[in-house]
Amino acid sequence: MTATTATVRKVAANTSVRHYLARVAFGLVLTIVGLLFALPLVWLVLAPFDATPSLSLQWPDWTLDNFARLFQNPYAMRSIGNSLLLGIGTMIIVVVLGALAAYAMSRIRIPGRDGILYGLLLLSSIVTGTAAMVPTFQIITSLGLINTYTGVLLVLAGGILPTVIFILKDFMDSIPKSYEESARLYGAGPFRILRDVVVPIARPGLAFIAIWTIVQVWGNFLVPFILLRSPDLQPAAVLMYTFYTESGQADLRLISAFALLFSAPVLIIYFVVNRRYGFRFHGGIKS
Amino acid sequence: MAGINATRLVKEYPGGVRGVDEVDVEIIDGEFFALLGPSGCGKTTLLRSIAGLEAISSGQLIIGDRDVTDAEPGARGVAMVFQDYALFPHMDVADNIAYPLRIKRVKRDERRATAERVGDGLSLQGLIERRPGQLSGGQQQRVALARAVATRPDVLLLDEPLSNLDARLRLEARTFLKELQRDLGVTTVFVTHDQAEALALADRIAVMKAGKLQQIGTPREVFQRPNNTFVAGFIGSNPMNLVPATVSAGSIAIGDGVSTALPPGTEDHVREGQAVVWGVRPEYLRWTTTEEPGAIAAEVSVVENLGASVLIAVNVDGHKLQVVVPEDHEPAPGDRGFVVPTGSKTLLFDAESTERIG
Ligand SMILES: Nc1ncnc2c1ncn2[C@@H]1O[C@H](COP(=O)(O)OP(=O)(O)OP(=O)(O)O)[C@@H](O)[C@H]1O
Ligand SMILES: [Mg+2]
C-alpha cells in the first residue's frame, strides 16, 4: 500500500519536472520566433529617425531630417492621398456590390450556386495575380482605361469581390430568415429590409470587409504599377519603388521615413473602424 | 377585422411534397382558431401561405372581402409572431414594436408613443429601452406580440408562440394570450402541436395530418365526436383507447368471448361481421372488482401516478387499455377485475376508412 503510494508520488514528481522543462523550452522557442518577427517592426520605427539608416538594426543617430526631405519630394504626400483614394474607392465598390451580391446569393436558390462561388474564388486570385497581368493590361488598354483610376479600381475591385462575396454570404446565411420575413409582413421591400435589418446585423462583417479591402489595395503594388503611367497618379506603394539616390542605390533615408508614413493610415483606419463598429456579431437571439 | 376563407388551398414544395393539400377552411371574423397536428403535418406551411410568405400553388385565399391569393405579404393586413419571435437584435424594444409604423412613415414621436402604449398594455413597462438579448423568453414573446398588434392588423398569425417558454410560464402566457385576443377582437390563427393548448385557447380547432384537414370543430366537438381514429388518438391528454373489433350479433366482439354494447346511435349503420375500431377514452372507463352488467374482465399490468388520479393499463384479451382511476382506489399490477365503459361516451370507427360510424 505505502509502496504503491511512494511510486505514484515519484512518477508524479517526475512528470511535473518534465512538464516544467517542456514549458520552459517551449517559451524560449516562442521568444526567439517572436523576436525574429519583431525585428523588422523595430527597424520600421527606428530607421526613419536615423541620420544614416542601413539595412541592419542600429541605435539611431536621432534626426528628423529624413522627414523634412520627404516632405520636399513633390510626389510623396500626393501618393499617400492617391493610395487613400484608390483604397476608399475600391472599398466602396466592394462593400456595396459585395453586400448586394452576397445577400442575393444567400437568399435565392440558384442551381450550382456553391460551384459558382468556389469558381469565382479560385479565378479571383488570378485576376489580380501576376499570371493575368498581360491580358489584364491588354483589356484595360483596349478599353482606353490605361492611366486612369477607373481602370485600376475595376481591376482591384474585380479581384477582391469574389472573396468578399464568399465571406459575406456566410455572414448573411447566419442571419435568421424570420427577421426579413417579419419585416416583409409589415410591408418592407427588399432594399428596405437590406437597409433596416440585414446591413445593421451584418455590420461587423461589413466593417471587416471594408478594412480588409483598404489594406489589400494599400499594399497592392502590381496593378497600379502596370496600369498607371503618370507619376502624379501613382499610389504610395508604387512611389516607394522610385526612391533612389543619384548613385542608383535605394535611398534608405527616404524609404524608411516613407515606410513609416505609409503604415500609419492603415493602423488609424483600423482603430477608428474598430472603435466605431467593433468586430462583434449580434446573431439570432433564440432559434 | 376580417375573416379568412381558403378554398382548395395547395402548397406544393419543389420536389413534390405537398405541405398543404387541398385545404378548405373558413375562419370567422374575430375567431381564435387553432391549427393542430403532429410535427410535419403542414401547420406552419398553411400559416405561412395565409401570410403570403409561401406562394400558393393552387386554390384561393380570401381575407376580409379581398382575394389575396397572389397579394404581397405586406398588403394582406396580417401580422405574425414567429416561433423564434424574430425580434431585431440591433433595435431596442421600442424600435422593435414601432418598426411596422416606421415602414408606414409614422413620425418618430408618434412611434415612440405608440410603442409605449402598446408595451404598457402587454406589461412591458420599464423594458422599452432594452435590447431583445437582455429580455427573458416570456418578455421577448410579449414584445413580439406587441409588435404584431401595434399596427392593428386584421389577422394575427401565431406560430407556436408558447413553445419556447417553460411549462409554468406557458400556462401564464396562455391566459394572457386569450385575454389579449378577446380585448382586441382580432381574428387569430394559432399553430400548436399541443392539443391541451388548442383545447384551452381556441374557439375552433382544425386538426391536420400530412397536409390534409382531418376535422374542424369546437374543442368540445373534436374531443367528443372525433371524425376518425387519428383525431380520436391525437386529442385528449391521455390518448383514446382504440381497440380493433368486429360487429357480432348486435354487439362488439373484442377477441374471444369478450364483447361490449354498440355505442348509441350506431346500430343502424353497422352490418354483421364488419371490422370496426371501438374507441373509449381512459376517463370514461371505470375500474371495479365486482362483476356487473357490461363489465369486461381485465388484468392490471402497469400503474402510473398522475397526481390526483392514477392511470392504469389493463389487459383485455390481448388488447391493452388505459383506464383513469381516482386516487386511493388504485389496484396493484397483477390484480384481476373489470372495466366498465360509460356507454354513452364510447365511439365506433370503421376499421378500413377509419371514419367514425354514426
Ligand atoms: N422549404 C421546404 N421545402 C420542402 N419541403 C418543406 C419545406 N418546408 C417544409 N417542408 C415539408 O412540408 C411538410 C410540412 O412542414 P411544416 O413546416 O408546415 O410542418 P409543421 O406542421 O409546421 O411541423 P412542426 O410542428 O414540426 O413545426 C413537411 O413534410 C416538411 O418536410
Ligand atoms: Mg412548424
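From a predicted model like this one, the values you see are computed outputs, not experimental measurements. (Residues numbered from 1 in each chain as written. Chains lettered and ligands numbered in written order. Predicted model: local features only at pLDDT ≥ 70, side-chain atom pairs only at ≥ 80, totals over all residues. Heavy atoms only, no water.)

Novice: Explanation requested: the UniProt feature "domain: ABC transporter" (unreviewed entry) in chain B in the structure shown.
Specialist: Here, the residues flagged by UniProt with the feature "domain: ABC transporter" (unreviewed entry) are residues 4–235 of chain B. End-to-end, the C-alpha atoms of residues 4–235 of chain B are 25 Å apart, and along that stretch the chain is 36% helix and 25% strand. (UniProt positions renumbered as here; feature names shortened; annotations may be inferred. Helix = DSSP H or I, 4+ residues; strand = E, 2+ residues; numbered from the N terminus.)

Novice: So what exactly am I meant to see when it comes to the UniProt feature "transmembrane region" (unreviewed entry) in chain A here?
Specialist: Mapped onto this numbering, the UniProt entry gives "transmembrane region" (unreviewed entry) at residues 20–46, 84–104, 116–140, 146–168, 205–227 and 254–273 of chain A. Secondary structure over residues 146–168 of chain A splits into 87% helix and 0% strand, and the C-alpha atoms at its two ends are 31 Å apart.

Novice: What am I meant to see in the packing of aromatic side chains here?
Specialist: Each aromatic ring pair is specified by the distance between its two centres and by the angle formed by the two planes. If you walk through the whole model with that rule in mind, you get 13 aromatic pairs over all chains. Geometrically, the ring pair formed by Phe221(A) and Tyr241(A) is edge-to-face, given 5.5 Å between the ring centres and 65° between the ring planes. Note that Phe221(A) is positioned in the loop between α8 (190–219) and α9 (222–227) and Tyr241(A) in the loop between α10 (236–239) and α11 (252–276), a separation of 20 residues in sequence. The exposure class assigned to Phe221(A) is partly exposed, which follows from its relative accessible area of 28%. For the ring pair Phe230(B) and Phe234(B), a centre distance of 5.8 Å and an interplane angle of 15° mean the geometry is stacked. Linking Phe230(B) with Phe234(B), this pair stays in helix α8 (residues 229–234), spanning 4 residues, or about one helical turn. Considered together, Phe230(B) and Phe234(B) belong to a single accessibility category, that of buried residues. Among the aromatic residues, those joined into a ring-pair cluster are Phe49(A), Trp59(A), Trp62(A) and Phe67(A). Here the guanidinium or amino end of Arg147(B) rests over the ring plane of Phe88(B), the centre of that ring lying 4.9 Å away. Over the ring of Phe223(B) we find Arg281(B); its NZ or CZ atom is 4.0 Å from the centre of that ring. (Phe/Tyr/Trp six-rings, centres within 6.5 Å; stacked < 30°, edge-to-face > 60°. Buried < 20%, exposed > 50% of the residue type's maximum accessible area, 1.4 Å probe, protein only. Lys NZ or Arg CZ within 6 Å of the ring centre and 35° of its normal.)

Novice: Explain the site of ligand 1 to me, please; I cannot follow it from the model alone.
Specialist: Residues and elements named next belong to chain B. Taken together, Tyr13, Gly19, Ser39, Gly40, Cys41, Gly42, Lys43, Thr44, Thr45 and Glu160 form the complete shell of residues around ligand 1. A distance of 3.2 Å separates an oxygen atom of ligand 1 from a polar backbone atom of Cys41. Between ligand 1 and Thr44, the relevant distance is 2.5 Å, taken from an oxygen atom to a side-chain nitrogen or oxygen of the residue. Coverage of ligand 1 by the protein amounts to 60% of the 640 Å² it exposes when considered alone. Residue contributions to the shell around ligand 1 peak at 3 residues, all from helix α1 (residues 43–51). Residues belonging to the shell around ligand 1 are distributed by class as follows: 2 nonpolar, 6 polar and 2 charged. (Near = heavy atom within 4 Å. Polar contact = N/O pair within 3.5 Å; in protein donor to acceptor, adjacent residues only side chain to side chain. Areas by Shrake-Rupley, 256 points an atom, 1.4 Å probe, with all protein chains shown as cover. Nonpolar A, V, L, I, M, F, W, Y, C, P; charged D, E, K, R; others polar.)

Novice: Looking at this structure, I do not really get the domain arrangement of chain A. What am I missing?
Specialist: A common measure of how large an interface is: the accessible area buried when the components associate. All names here are of chain A. Partitioning chain A into structural domains gives domain 1 (2–63) and domain 2 (71–276). Here the C-alpha centre of domain 2 lies 37 Å away from the C-alpha centre of domain 1. Counting residues at the interface gives 10 residues for domain 1 and 7 residues for domain 2. Between domain 1 and domain 2, the buried area comes to about 660 Å², and carbon and sulfur atoms account for 83% of it. The largest contributions to the domain 1 side of the interface with domain 2 come from Leu44, Pro48 and Pro53, which together make up 57% of the buried area. (Domains from an automatic or database assignment. Contact = heavy atoms within 4.5 Å. Buried area = accessible area lost by both parts, 1.4 Å probe.)

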